[in-house]
Amino acid sequence: MSKVYIVSGSEDDIVGVYSSKKKARVVAINYVIAAHSIHSTDIVVLSDAYKWSEQFYATTTQCRAEIIIERLR
């Protein structure tokens, strides 16, 4: 079973699908930074028995990006 990492943006829905978490994180951070003239983001990792996600955002904007994992069979 393989995994894909789906990056969704608050303004554009799905931004991309990636095979590595590292690539997905770069895209999510750049999505938030590109939307506004900011130089850093805050990251929140949410996890429970049913869902894992990372959320990227800046406190000065409403723009957000989220990464979720989808397992492929």
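Before reading further, recall that the structure is shown in the block above.
Every value quoted in this text rests on a predicted model; they were computed, and no experiment measured them.

Novice: Teacher, can you tell me more about the overall build of the chain here?
Specialist: Looking only at helices and strands, the chain has one helix and five strands in total. Listing every helix and strand of the chain by position from the N terminus yields β-β-α-β-β-β. In the chain, which comprises 73 residues, the share counted as buried stands at 32%. Long-range contacts, defined here as pairs at least 24 residues apart, represent 39% of the contacts in the chain between residues at least 6 apart.

Novice: Quick question: what am I supposed to make of the nonpolar core here?
Specialist: If you look at soluble globular proteins, the nonpolar side chains tend to sit buried side by side. One finds Ala28, Val32, Phe56, Ala65 and Ile67 to be the most contacted residues of the largest nonpolar core, which totals 13 residues. For this core, the elements supplying multiple residues, two or more each, are β1 (2-9), α1 (21-35), β4 (52-57) and β5 (64-72). It is α1 that contributes the most residues to this core, four residues altogether. The residues contacting Ala65, other than those within four sequence positions of it, are Ser8, Gly9, Ala28, Tyr31, Val32, Glu54, Gln55 and Phe56.

Novice: Can you walk me through the pattern of salt bridges in this structure?
Specialist: It is possible for side chains bearing opposite charge to pair when their charged atoms get close. Counted by the stated rule, this structure contains one salt bridge. The partner of Arg25 in a salt bridge is Glu54, and the shortest N-O contact between them spans 2.7 Å. Pair noted here: Arg25 is in helix α1 and Glu54 is in strand β4, with a separation of 29 residues, a long-range link.

Novice: Looking at this structure, I do not really get the pairing of β5. What am I missing?
Specialist: Strand residues, when the strand is regular, have side chains that alternate between the two faces of the sheet. Across eight bridges, the pairing between β1 and β5 is antiparallel. Counterpart to Ser8 in the pairing with β5 is Glu66.

Novice: I would appreciate a short explanation of the side chain of Ser53 in the present structure.
Specialist: When you line up the elements, Ser53 lands in strand β4. On the basis of relative accessible area, Ser53 is assigned to the buried category, the value being 2%. A polar side-chain atom of Ser53 sits 3.4 Å from a polar atom in the side chain of Glu66.

Criteria and thresholds
- Residues numbered from 1 in each chain as written.
- Predicted model: local features only at pLDDT ≥ 70, side-chain atom pairs only at ≥ 80, totals over all residues.
- Heavy atoms only, no water.
- Helix = DSSP H or I, 4+ residues; strand = E, 2+ residues; numbered from the N terminus.
- Buried < 20%, exposed > 50% of the residue type's maximum accessible area, 1.4 Å probe, protein only.
- Contact = heavy atoms within 4.5 Å.
- Core = buried A, V, L, I, M, F, W, Y, C linked by side-chain atoms within 4.5 Å.
- Salt bridge = Lys/Arg side-chain N within 4 Å of Asp/Glu carboxyl O.
- Pairing = 2+ DSSP bridges.
- Polar contact = N/O pair within 3.5 Å; in protein donor to acceptor, adjacent residues only side chain to side chain.

Purely geometric numbers; function is a separate question.
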